[in-house]
Amino acid sequence: MNKKELSRFVCHTLILTAVAILMRSVSLSFNLYLRSALGEEGIGLFSLIMNLFSFAVTLASGGVTLVTTRLVAEALGRNRPSEAKSAFRKCLRYALFFGTLAFFLLFSLSELLGQRLLHDTRTIPSLKALAVSLPFLALSSSFSGYFTAVRRSVKSAAVQLGEQFCRIFLTVMAFTRLSPKDLGSMCLFVVLGSVVSDIISCLGSALLFFLDEKKHNRATPSRLPKSFHKTLLAIALPVAFSSYFRSALVTVEHLLIPKGLVLFGLSEGEALAAFGVLEAMALPVVLFPYALLTPFCTLLVPEVARHLASGNRKGIETTAARAIDFTLLFGIGATTVLLTLSHSIGGILCQSDEAGLLIASLSPLLPIMYTDTAVDSLLKGTGEQLFTMRVNLFDSILGVLLALITVPRYGIFGYVFNIILCEIINFSCSITRLYQKAPPKLSLFRSLALPLSASLLSAFLLRRLLPCFSLHDKASLFGAITLSALLYLVILILLRFFFQKKKANRHGHVDSPLRAIDSSFRFTQESASPQRPIGQGASLRETPRHAGSECPRG
């Protein structure tokens, strides 16, 4: 990779990071707006609708992005642009078929699902409206796969960002101009804004594709080999069916929560409210820092695959050690910020003391949750996709069983316990497998003791400084969050510098504060310049599955 290509690669990575942070910020703000517009019971009802809809989305687009990326990239890798064009058109037809199938199923079964599964007829109009967007979502997934294959995913990110703002604009306008009164109508208005934005997003992706094709690939589509359809199905269907099964389990688990809360002793309205506080307020806040970590984990798969292809086992072990070191450092820092300020975040940002308590309960899980994501990416780079799939399916089955037992007995905190237990089991299985494949050489003192010490010291200092702040609005809260993060980072740098200086003095070396944390971040620079193109076909868990994506439980 020459300097120009490296510069472009790093630039795209930074752009995608900025877009991910912006989209997560906008999504969190929109959730808070919906909470104030719908109320806690309304946001719980809306969360139920969207959890069921997420399974329909998986049915419509499961495997579409992966198969498009892989087939188009392979054709381009063989320097056959005409074959790439034909392959993409076949993938579009595949996406349209499953998107249309999902539309008919959800639309025709919406009354049955609303009455028998969700036990609330107010959800039926929203489910019927959402069904309309499924073919467009499937096509958008195929366009996204194309832009990833040709390494112009910034265009896809721009469309997603535009879709987000369009959804928010339409929803706010509907609530401002039409002022719906009952919860069913309110949810329907939010859903209609989502449907229209999905259609606009699909049309925007199609326009960008045609412009991109006109500029970069004017070749005439060629005839594909007879085995192409077999190859397409062999790639897409295993991924799709595993996604269907796991998404179905996650949906069932989420549908069991309100029912379990009713058995716990809450009314139906209170159960929906408690579920909405967790799903729409506490979890989005807890998962917000993940947007910063996503590009880092994305780089792990090609980096490990490169070492694996060259037989460089030591390179895999070094990469794994640096990745785990960095994610632990990041996760402990995120825990420090959220745990120290959980009460203020819940009260000021979410306007809910219960949300603050849930944030505090889930925050200690972040180091394990984030490290688990990195470990899964490392395993996929070594060809262990099937193992991670089996672990995640077991995780989902366990989540459903625990939801039947713990939620009726312990309420919403029983569900919090489920999340923590399942994530610990998931992480234990993954890290054990990684040590069997390529054991990373970690320093517990460097990876755990120093970040934990920095966390405790920064939390102690922040507690002493908080009385100087008047935490009563979002601006002051943002200032306190920034101060907490800076305190943690500065103390960590100083601690690492102090102990590395002692080690350097023993060996006669001169050290500096910047070198104290250099190795923690050096991986991101090295992995941004692979010796050969990024491998295709690797599947990444993008965000924890409680955020609504195909990801780790946690």
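Every chain is numbered independently, its residues counted from 1 as its sequence is written. The predicted nature of this model means local features are confined to residues of pLDDT at least 70 and side-chain atom pairs, given and counted, to a pLDDT of 80 or more, with totals for whole chains, interfaces and linings taken over all residues. As a rule here, side-chain values come from all non-hydrogen atoms in the structure, and water together with hydrogens is ignored.

Draft legend 1. Expanded view of the overall build of the chain. When helices and strands are counted, the chain shows 19 helices and 0 strands. Remark: exposure states derive from per-residue accessible area (1.4 Å probe, protein chains only) relative to the maximum for the residue type, with buried under 20%, exposed over 50%, and partly exposed in between. Within the span of the chain, comprising 554 residues, buried residues form 54% of the whole. Throughout, a residue-residue contact means that at least one pair of heavy atoms, one from each residue, lies within 4.5 Å. Within the chain, residue pairs in contact and separated by at least 24 positions form 82% of the contacts whose partners lie at least 6 positions apart. Summed over its atoms, the accessible surface of the chain is roughly 24800 Å², and 66% of this surface lies on carbon and sulfur atoms. Runs of H or I in DSSP of at least four residues are treated as helices and runs of E of at least two as strands, each being numbered from the N terminus. With residues, only the protein chains shown are counted as cover, and all accessible areas are computed by Shrake-Rupley using a 1.4 Å probe.

Draft legend 2. Expanded view of the pattern of salt bridges. Counted as salt bridges are all cases of a side-chain nitrogen of Lys or Arg within 4 Å of a carboxyl oxygen of Asp or Glu. Inspection of the entire model under this criterion finds 10 salt bridges. A salt bridge links Lys128 to Glu111, with the nearest nitrogen and oxygen atoms 3.3 Å apart. Residue Lys128 is found in helix H4 (residues 124-149), and its partner Glu111 is found in helix H3 (residues 81-117); the two are separated by 17 residues along the sequence. A relative accessible area of 25% places Lys128 in the partly exposed class. Overall, Glu111 belongs to the partly exposed group, its relative accessible area being 41%. One salt bridge connects Arg496 with Asp325, and the closest N-O pair in it is separated by 3.3 Å.

Draft legend 3. How the structure looks around H3. Helix span is expected to be 1.5 Å times the residue number reduced by one. Its 37 residues place the ends of H3 only 47 Å apart at the C-alpha level, less than the 54 Å of an ideal helix rising 1.5 Å per residue. Bend angle per residue: angle between axes fitted to the 7 residues ending at that residue and the 7 residues starting there. Considering bend angle alone, the principal kink of H3 is centred on Leu109 and spans about 55°.

Draft legend 4. Layout of the packing of H3 against H4. Helix axes are fitted to C-alpha atoms over the stretch in contact, other axes to C-alpha atoms as well, and angles between N-to-C directions run from 0 to 180 degrees. The N-to-C vectors of H3 and H4 enclose an angle of 165°; their axes lie 8 Å apart at closest approach. Considering the angle they form, H3 stands roughly antiparallel to H4. The handedness of the crossing between H3 and H4 is right-handed. For this classification, Asp, Glu, Lys and Arg are treated as charged, while Ala, Val, Leu, Ile, Met, Phe, Trp, Tyr, Cys and Pro are nonpolar and the rest, including Gly, are polar. For the contact of H3 with H4, a count of residues per class yields 21 nonpolar, 6 polar and 2 charged. Here roughly perpendicular refers to angles of 65 to 115 degrees, roughly parallel to angles under 35, roughly antiparallel to angles over 145, and oblique to all remaining angles. In this scheme the crossing of two helices becomes right-handed for a clockwise turn of the near helix relative to the far one and left-handed for an anticlockwise turn of less than a right angle.

Draft legend 5. Region of interest: the environment of Asp395. In this structure, Asp395 sits in helix H14 (residues 385-410). Among the residues examined, Asp395 registers a relative accessible area of 2% and is labelled buried. For Asp395 and Leu421, which are 26 residues apart along the polypeptide, the C-alpha to C-alpha distance reads 9.7 Å.

Draft legend 6. Main features of a nonpolar patch on the surface. Patch definition: residues above 30% relative accessible area lacking any salt bridge, with like charges linked at up to 9 Å and the nonpolar side chains Val, Leu, Ile, Met, Phe, Trp and Tyr linked at up to 5 Å. On the surface, Phe97, Leu101, Leu105, Leu109 and Leu112 cluster together into a nonpolar patch covering about 430 Å² of accessible area. Along the chain, Leu109 falls in helix H3.

Draft legend 7. View of the packing of helix H10 (residues 313-340) against helix H15 (residues 412-437). For the pair H10 and H15, the least separation of the axes is 11 Å and the interaxial angle reads 150°. Between H10 and H15, the crossing angle belongs to the class labelled roughly antiparallel. In the crossing of H10 with H15, the sense of the turn from one axis to the other is left-handed. Across the interface between the two elements, Arg313, Ala320 and Ile324 of H10 pack against Ile431, Leu434, Gln436 and Lys437 of H15. Residue composition of the contact of H10 with H15, grouped by class: 4 nonpolar, 1 polar and 2 charged.

Draft legend 8. Up close: the packing of aromatic side chains. Stacked, tilted and edge-to-face are the three classes assigned to paired rings of Phe, Tyr and Trp, where Trp is represented by its six-membered ring and a pair needs centres within 6.5 Å; plane angles under 30 degrees give stacked, over 60 edge-to-face, the rest tilted. One pass over the structure, following the stated rule, counts 15 aromatic pairs. Consider the rings of Phe88 and Phe209, whose centres lie 4.6 Å apart with planes at 45°: the pair is tilted. Here Phe88 is found in helix H3, whereas its partner Phe209 is found in helix H6 (residues 183-216), with 121 residues between them in sequence. Taken as a pair, Phe88 and Phe209 share a single burial class, namely buried. Grouped by ring-pair contacts, the aromatic residues Phe88, Phe143, Tyr146, Phe147, Phe209 and Phe210 constitute a single cluster. Our definition puts a charge over a ring when NZ of Lys or CZ of Arg is within 6 Å of the ring centre and also within 35 degrees of the ring normal. Over the ring of Phe107 we find Lys128, and its NZ or CZ is 5.7 Å from the ring centre. Between Arg433 and the ring centre of Phe387, over which it is positioned, the NZ or CZ distance is 4.9 Å.

Draft legend 9. Spatial organisation of the confidence of the model for the chain. In the predicted model, the chain carries a mean pLDDT of 80, and the fraction of residues at 70 or more is 83%. Every residue in residues 510-543 is under pLDDT 50, and counting partners more than four places away or in other chains gives 85 contacts. By definition, pLDDT measures how confident the predictor is in each residue, and it falls between 0 and 100.

Draft legend 10. Fine view of helix H16 (residues 444-465). In a regular helix each residue adds 1.5 Å, so 22 residues correspond to 32 Å; H16 covers 30 Å between its end C-alpha atoms and thus fits that length. Among all positions of H16, only Arg446, Ser447, Leu450, Pro451, Ala454, Ser455, Ser458 and Leu462 are buried. Within H16, the buried residues cover an arc of 145° as seen down the axis, which keeps them to one side. For H16, the exposed residues set more than 90 degrees away from the buried face come down to Leu444, Leu456 and Arg464. Each direction from the helix axis to a C-beta atom contributes to the arc, which is the arc of those directions.

Draft legend 11. Region of interest: the environment of Leu421. By the element assignment, Leu421 lies in helix H15. Relative accessible area serves as the criterion here: at 28%, Leu421 is assigned to the partly exposed category. Taking the C-alpha atoms as reference, Leu421 lies 9.6 Å from Leu402; in sequence the two are 19 residues apart.

Draft legend 12. Fine view of the side chain of His254. With respect to the helices and strands, the residue His254 is situated in helix H7 (residues 228-264). Any N or O atom pair separated by 3.5 Å or less is treated as a polar contact, with the protein-specific requirement of one donor-capable and one acceptor-capable atom, and with residues adjacent in sequence counted only for side-chain atom pairs. For His254, the side chain forms a polar contact with the side chain of Tyr415, separated by 3.2 Å.

Draft legend 13. Region of the structure containing the environment of Asn392. In this structure, Asn392 sits in helix H14. Residues Asn392 and Arg246, spaced 146 residues apart in sequence, show a C-alpha to C-alpha distance of 7.8 Å.

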